[in-house]
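Notes for the structure review
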Amino acid sequence: MEYTQLIVMMLWLTKKKARKHMQTLIGIDLGTTNSCVATMKNGTSTIIPSSTGARTTPSIVAFAKNGERLVGQPAKNQAVINSERTIVSIKRKMGSDSKIKIDDKKYSPQEISAMILTQLKKDAEKVLGTEVKDAVITVPAYFTDSQRQATKDAGRIAGLNVVRIINEPTAAALAYGLDRQEDQKIMVYDLGGGTFDVSILEISKGVIEVLATSGNNHLGGDDFDNEVIKYIVNELKIKHNLNISSDPQAKQRVREAAEAAKIELSKYNKTEILLPFIGTDKYGPVNFESTLTRDKFNEITKHLVEMTKGPVMSAIKDAGIKISEIDKVLMVGGSTRIPAVNDLVFGITGKQPFKGINPDECVALGAAIQSGVLAGTVTDILLLDITPLSLGIETVGNHFAKVISRNTTIPIKKSQIFTTNAPYQSSVIVHVLQGEKAEANLNKSLGKFNLRGIRRAPAGVPQIEVTFTIDVNGIVNVQAKDLDTGKRQEITLEASTNLSEAEIQNAIHDEMDYEEKEAIRKQLYEKKEIAMKLVEQAKAKMKENKSSRKQLKPLVSKVEKSLRSNDEASIILATQELEESLRKF
Ligand code: AMP
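In this report, the structure presented in the accompanying data block is examined. (Residues numbered from 1 in each chain as written. Predicted model: local features only at pLDDT ≥ 70, side-chain atom pairs only at ≥ 80, totals over all residues. Heavy atoms only, no water.)

**Details of the environment of Lys 561**
For the record, the criterion: Going along the chain from the N terminus, every DSSP run of H or I of four or more residues is numbered as a helix, and every run of E of two or more is numbered as a strand.
Tracing the chain through its elements places Lys 561 in helix 13 (residues 549-565). Through-space distance from the C-alpha of Lys 561 to that of Glu 299 is 63 Å; in sequence the pair is 262 residues apart.

**Overview of the layout of surface pockets**
The probe, sized like a water molecule, is rolled over the atoms to show the empty space still left. Our working rule: Site definitions follow a grid-based scheme: protein atoms alone, a 1 Å grid, a 1.4 Å probe that fits but cannot get out for cavities, and for pockets an open set with protein on both sides within 12 Å along at least five of seven lines, plus lining residues having an atom within 4 Å of a point. Grid points are joined across faces, edges and corners, and a volume is the space filled by probe spheres set on the points. Side-chain classes are defined by residue name, with Ala, Val, Leu, Ile, Met, Phe, Trp, Tyr, Cys and Pro counting as nonpolar, Asp, Glu, Lys and Arg as charged, and the others, Gly among them, as polar.
What the second largest pocket holds in volume is close to 460 Å³. Around the second largest pocket, the lining comprises 24 residues; the ones closest to its centre are Ser 51, Val 71, Gln 119, Lys 122 and Lys 522. Those elements that place two or more of their residues in the lining of the second largest pocket are strand 4 (57-58), strand 6 (69-71), helix 2 (73-77), helix 3 (109-128) and helix 12 (501-544). Element by element, the count of residues in the lining of the second largest pocket is highest for helix 3, at 6 residues. Its residues assigned to classes, the lining of the second largest pocket shows 6 nonpolar, 9 polar and 9 charged.

**A closer look at the site of the ligand**
The line we're drawing: Here a residue is considered near a molecule or strand provided that any single heavy atom belonging to it is located within 4 Å of it. Whenever a nitrogen or oxygen atom comes within 3.5 Å of another N or O atom, the pair is scored as a polar contact, on the condition that within protein one atom can donate a hydrogen and the other can accept it, and that pairs from neighbouring residues in sequence are kept only if both atoms are in side chains. Here, Shrake-Rupley sampling with a 1.4 Å probe gives the accessible areas, and only protein chains in the shown set may cover a residue.
Around the ligand, a shell composed of 14 residues is seen, among which Gly 193, Glu 259, Lys 262, Ser 266 and Gly 334 lie nearest. Between the ligand and Lys 262 there is a distance of 2.7 Å, counted from an oxygen atom to a side-chain nitrogen or oxygen. In the environment of the ligand, a nitrogen atom lies 2.6 Å from a nitrogen or oxygen atom belonging to the side chain of Ser 266. Burial of the ligand by the protein amounts to 88% of the accessible area it has alone, namely 500 Å². When residues of the shell around the ligand are assigned to their parent elements, the largest contribution, 3 residues, is made by helix 7 (residues 248-264). In terms of residue class, the shell around the ligand is built from 2 nonpolar, 9 polar and 3 charged.

**Overview of the side chain of Lys 91**
For clarity, the cut-off: Exposed residues in this analysis have more than 50% of their type's maximum accessible area, buried residues have under 20%, and partly exposed residues fall in between, with area computed by a 1.4 Å probe over protein chains only. For this analysis, residues touch if any pair of their heavy atoms sits within 4.5 Å.
In this structure, Lys 91 sits in the loop between strand 7 (86-87) and strand 8 (100-102). Classification of Lys 91 by relative accessible area gives buried; the value is 8%. A distance of 2.7 Å separates the side chain of Lys 91 from the side chain of Glu 168, its partner in a polar contact. With residues near it in sequence (within four places) discarded, Lys 91 still touches Leu 30, Gly 31, Thr 32, Pro 140, Phe 143 and Glu 168.

**With respect to the pattern of salt bridges**
Convention followed: By definition, a salt bridge exists where a carboxyl oxygen of Asp or Glu is found within 4 Å of a side-chain nitrogen of Lys or Arg.
Under the counting rule described, the total for this entry stands at 28 salt bridges. Arg 85 is paired through a salt bridge with Asp 103; the nearest N and O atoms lie 2.9 Å apart. One end of the pair, Arg 85, is in the loop between helix 2 and strand 7; the other, Asp 103, is in the loop between strand 8 and strand 9 (105-107), with 18 residues separating them in the sequence. Since its relative accessible area comes to 14%, Arg 85 is described here as buried. Through salt bridges with shared partners, a single ionic network connects Arg 69, Lys 122, Glu 511 and Glu 515.

**Topic: the side chain of Glu 235**
Looking at the secondary structure, you find Glu 235 in helix 6 (residues 221-240). What makes Glu 235 buried here is its relative accessible area of 16%. Within the structure, the side chain of Glu 235 is placed 3.3 Å from the side chain of Ser 290, a separation counted as a polar contact. For Glu 235, the contacting residues outside a window of four places in its chain are His 240, Phe 288 and Ser 290.

**A short note on unusual backbone geometry**
In the segment running from Ile 410 into Pro 411, the intervening peptide bond is cis, with an omega of 5 degrees. A positive phi angle, near 65 degrees, is found at Asn 407, a position not held by glycine. If you trace the backbone, Asn 407 turns up in the loop between strand 20 (399-404) and strand 21 (409-410). Positive phi is not limited to glycine here, since Asn 566 has a value of about 60 degrees. When you line up the elements, Asn 566 lands in the loop between helix 13 and helix 14 (568-583). Residue Asn 566 is classed as partly exposed on the basis of its relative accessible area, which comes to 39%.

**Re helix 6**
Operational definition: Each helix should span, by expectation, one fewer than its residue count multiplied by 1.5 Å.
For helix 6, spanning 20 residues, the distance from its first C-alpha to its last is 28 Å, which sits close to the expected 28 Å at 1.5 Å a residue. Among the residues of helix 6, those classed as buried are Gly 221, Asp 222, Asp 223, Phe 224, Asp 225, Glu 227, Val 228, Ile 229, Tyr 231, Ile 232, Glu 235 and Leu 236. Looking at the buried residues of helix 6, the elements they touch are strand 12 (184-191), helix 7, strand 15 (270-281), strand 16 (284-293) and helix 8 (294-306).

**A closer look at the sheet that holds strand 23 (residues 427-434)**
For clarity, the cut-off: Two strands qualify as a pair provided DSSP detects at least 2 bridges between them. Each axis is a line fitted through C-alpha atoms, and for a helix only the stretch in contact is used; angles between axes span 0 to 180 degrees, taken between their N-to-C directions.
Strand order across the open sheet formed by 4 strands is 20-19-23-24, with antiparallel pairing between neighbours. Here the strands that pair on one side only, and so sit at the sheet edges, are strand 20 and strand 24 (444-452). If you compare each strand with its neighbour and ignore which way they point, the axes differ by 30 degrees on average. The pairing of strand 19 (residues 391-395) with strand 23 spans 3 bridges and is classified as antiparallel. Its bridge partner lying in strand 23, Ile 393 is registered against Val 432.

**Side note on the state of the cysteines**
To be explicit about the condition: Our working definition of a disulfide is a cysteine sulfur pair at a distance within 2.5 Å.
This model, assessed by the stated rule, comprises 0 disulfides. The closest cysteine sulfur to the non-disulfide-bonded Cys 36 is located on Cys 362, 9.1 Å from its own sulfur. Accessibility expressed as a relative area gives 1% for Cys 362, which makes it buried.

**With respect to the sheet that holds strand 7**
Taking strand neighbours across the sheet as the criterion, the 3 strands line up as 6-5-7 in an open arrangement whose pairing is antiparallel. Each of the sheet's edge strands pairs with one partner strand only, and the pair in question is strand 6 and strand 7. In this structure, strand 5 (residues 61-63) lies alongside strand 6, joined through 3 bridges in antiparallel fashion. The residue of strand 6 that forms the bridge with Phe 63 is Arg 69. Contacting strand 5, strand 6 and strand 7, helix 3 crosses the sheet at an angle of about 105 degrees to strand 5.

Printed below as a string of structure tokens:
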């Protein structure tokens with residue numbers, strides 16, 4: 001009770017502070033395959049369409065050969081012919097130190113994600129007609145600290161103030177539960193493009209409390225696609241003795257055909273996979289044709305569907321409830337449209353999953369509601385989220401000492417006293433870990449720091465207090481203090497995979513630089529378009545009115561020359577001259 005009051009107080013304070021400086025807030029579902037943006041409009045959470053008019057934006061970035069950057073549908077459209085410079089599923093790499101090399105520049109996953117966020121921000125600004133600075137971004141509940149930190153950094157690079165990171169299933173529950181006041185326990189089963197999350201939540205009198213969460217950060221629709229790809233590659237080998245492993249274009253076409261077949265099999269019992277001219281064999285071009293049945297698809301992807309069972313059972317157990325107590329099952333993420341997934345969930349819970357919410361949009365809608373809570377426009381809902389993984393430190397003998405257990409409500413602060421294990425140590429290394437394994441090295445390392453200057457004493461005498469704080473975004477801060485000398489060391493964890501402040505600043509600078517160049521490039525492009533149209537008009541006029549030739553021809557040549565020079569000032573000048581002359585005829 002005391003704790004709930006504290007959270008209500010904090011929420012009230014945050015709201016008061018938030019109202020002062022926040023303008024238009026948006027909620028962003030930054031998905032593996034697709035992203036989606038929403039905002040609160042007249043008290044209702046509403047999807048903001050993309051620049052192409054779609055309600056979701058493919059999470060794809062491409063670097064065209066001319067240096068242009070494409071994001072979303074335009075990037076997806078050219079993926080087959082430019083597969084090596086097209087980046088998909090970057091979310092899977094968030095929180096890792098992998099880099100994507102394009103020409104001579106290496107991009108971090110944060111920078112690529114920032115490019116997607118920049119596009120979403122721009123689209124939202126166009127629709128809302130106002131600058132957007134603040135955003136709530138969702139992450140899979142099962143994201144580790146480094147993955148959350150990386151998401152926040154991506155937001156910063158895109159010029160967004162990330163006011164809150166919330167868990168995707170929690171956002172879905174918010175979208176579902178906003179106007180539902182009756183008490184109920186719900187299970188959110190979220191299988192997207194790259195991640196799987198399952199959460200058990202309780203909705204009671206406007207309070208949405210997450211009881212437990214579990215999942216797998218590396219399981220999603222992409223894995224189902226990969227199984228279909230393997231099937232096609234194998235068929236190509238058997239039927240045509242064709243190996244496409246060194247043909248990026250063919251590989252991309254197979255990938256797209258595999259995903260399309262998978263989606264079709266959610267509706268029909270069989271599908272035709274057609275790949276004309278996918279390669280050549282000794283008889284000439286190979287046209288691949290194959291029928292994939294839903295039964296075969298279920299057989300080759302059964303292990304993936306089954307892999308979601310463990311986390312579901314573990315979340316139910318951690319929530320301390322019986323399966324029969326679940327009132328409703330919400331399905332979130334595109335991959336929950338796979339019939340076998342639906343069957344598995346029905347098999348476990350005995351409940352037909354609720355179909356009343358759109359699995360592609362509900363996460364963004366929930367994020368917008370949370371943004372409304374923060375801005376003070378939504379007042380009748382309170383969210384109590386949890387930390388998905390246990391936190392602690394490494395102690396002697398490769399042991400993991402947990403300080404905060406998984407599924408603890410956040411924000412939280414918790415301390416534990418540790419001591420030294422060697423005589424007269426003057427410093428200790430605090431190695432912070434996240435995970436559930438008893439052996440330290442099997443958990444995710446969040447970072448190490450050194451507490452120096454402790455009073456030299458026999459082993460076991462010094463008292464080192466280690467305090468963990470998890471904020472509302474699920475981001476961890478650790479402090480170690482020698483209770484004897486009062487020496488303390490504090491860090492917001494920066495795992496080795498995270499970007500340093502200098503790297504973030506560089507990336508912000510690069511992004512702004514790109515945006516400026518892009519604006520100049522667009523302006524030049526528009527001026528060139530106008531000039532080219534005018535040249536066409538002038539040429540038509542010269543055909544129609546021969547007497548105009550003498551005056552117009554040199555001016556047309558001048559415009560054409562300026563177009564070749566790419567110099568904006570001379571294009572404008574030459575265009576103006578031609579336009580004025582043209583008016584006379
Ligand atoms: P999300 O990250 O929630 O947008 O989910 C994207 C994933 O859902 C991708 O792997 C899609 O291929 C997959 N998906 C979308 N629609 C369907 C469908 N009808 N059947 C099976 N998978 C789908």
